[in-house]
Number of protein chains: 2
Amino acid sequence: MDDLAKKTLLYDFYGDMLTDRQRDIFEAYYLNDLSLGEIAEELLISRAGVHDNLKRSEKALVNYETKLKLIDRYLDNKKIMLQILAMTENNDENVIGDIRKIITEFIKNM
Amino acid sequence: MDDLAKKTLLYDFYGDMLTDRQRDIFEAYYLNDLSLGEIAEELLISRAGVHDNLKRSEKALVNYETKLKLIDRYLDNKKIMLQILAMTENNDENVIGDIRKIITEFIKNM
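Residues numbered from 1 in each chain as written. Chains lettered and ligands numbered in written order. Predicted model: local features only at pLDDT ≥ 70, side-chain atom pairs only at ≥ 80, totals over all residues. Heavy atoms only, no water.

Here we look at the overall build of chain A
A tally of helices and strands in chain A yields six helices and zero strands. The N-to-C order of helical and strand elements in chain A reads α-α-α-α-α-α. Its C-alpha atoms give chain A a radius of gyration of 20 Å, more than 25% over the compact-globule value 13 Å for 110 residues. Taken over the C-alpha atoms alone, chain A extends approximately 65 × 25 × 20 Å along its principal axes. Within chain A, the fraction of its 110 residues that count as buried is 38%. When contacts within chain A are restricted to residue pairs at least 6 apart in sequence, those whose partners lie at least 24 apart make up 51%. With the model as given, the accessible surface of chain A reaches about 6800 Å², and the carbon-plus-sulfur share is 48%. (Helix = DSSP H or I, 4+ residues; strand = E, 2+ residues; numbered from the N terminus. Rg over C-alpha atoms; globule rule 2.2 N^0.38 Å. Buried < 20%, exposed > 50% of the residue type's maximum accessible area, 1.4 Å probe, protein only. Contact = heavy atoms within 4.5 Å. Areas by Shrake-Rupley, 256 points an atom, 1.4 Å probe, with all protein chains shown as cover.)

A word on a negative patch on the surface
All names here are of chain A. Taken together, the side chains of Asp33, Glu38, Glu41 and Glu42 make up a negatively charged region of the molecular surface. Following the sequence through the fold, glutamate 38 ends up in helix H3 (residues 36-43). Taking the relative accessible area as the measure of exposure, glutamate 38 reaches 44% and is therefore partly exposed. (Patch = residues over 30% accessible without salt bridge, like charges linked within 9 Å, V, L, I, M, F, W, Y side chains within 5 Å. Salt bridge = Lys/Arg side-chain N within 4 Å of Asp/Glu carboxyl O. Lys, Arg positive; Asp, Glu negative; His and termini not counted. Charge placed at Lys NZ, Arg CZ, Asp CG, Glu CD.)

Digging into the packing of H3(A) against helix H4 (residues 47-68) of chain A
All names here are of chain A. Between H3 and H4, the least distance of the axes is 8 Å, while the angle of their chain directions is 105°. Considering their axes alone, H3 and H4 lie roughly perpendicular with respect to each other. On the side of H3, the interface is formed by Leu36, Gly37, Ile39 and Ala40, while H4 contributes Arg47, Val50, His51 and Leu54. Looking at the contact of H3 with H4 residue by residue, the class counts come to five nonpolar, two polar and one charged. (Axes fitted to C-alpha atoms, helices over the stretch in contact; angles between N-to-C directions. Parallel < 35°, antiparallel > 145°, perpendicular 65-115°, else oblique. Nonpolar A, V, L, I, M, F, W, Y, C, P; charged D, E, K, R; others polar.)

Concerning the pattern of salt bridges
All names here are of chain B. Scanning the model with the defined rule gives 14 salt bridges over all chains in all. Across the pair glutamate 105 and lysine 108 runs a salt bridge whose closest N-O atoms are separated by 3.5 Å. Of the two residues, glutamate 105 and lysine 108 both sit in helix H6 (residues 95-108), three residues apart, roughly one turn of that helix. Exposure remark for lysine 108: the relative accessible area of 61% places this residue in the exposed category.

A closer look at the interface of chain A and chain B
At the junction of the two partners, chain A supplies 30 residues and chain B supplies 30 residues. Carbon and sulfur atoms make up 75% of the area that chain A and chain B hide from each other, which totals about 2900 Å². Taken together, chain A and chain B are joined by two salt bridges. With a closest N to O distance of 3.9 Å, Glu89(B) and Arg100(A) form a salt bridge. The tally of links from chain A across to chain B stands at four residue pairs in polar contact (both at pLDDT 80 or more). (Buried area = accessible area lost by both parts, 1.4 Å probe. Polar contact = N/O pair within 3.5 Å; in protein donor to acceptor, adjacent residues only side chain to side chain.)

So, in structure tokens, the structure goes:
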């Protein structure tokens, strides 16, 4: 995953934890591709102010993932669900016992 | 769910977001059932200081759930997984298509 993809994934999961101001600047820069200068002009602050705000937001987002690991868990869970989905593809009743085992383990780890 | 159960569930999900100090006080009070006075004595601070610290922690935990809704989602997800588990109980191949539908929807909403 490239750096931008990582940042937008972090933002998807933890963006609600930022302030409105941090969200506005993060979206302007990373999602709408505005430059630091354009954002600074729009908000009547310095380019350095925009830059500092972005860095603080990124640090906060990384910190949330370090503590809560929602993205890690999401990727793990998705893998398990896709595995079950693949198992159901052939309508073979022999898979039911295996699905049962996987779901039981999944619930235990929730 | 009673108030204590709610608070410990919030702590399970978001306790890592608190400071070490907040965690120590929260655990002493809610998990180890020490009194405000006992905690105050132990930490050489006032009872009011312990009380304020607890209130700030509780407010932070509720705030995290308001923003991230991890507990809400956990309870919803658990319900779905238990539903699939129940469907696998009779080893009836007719359930495979339904499991497939539920998992597909689940992945979409992840």
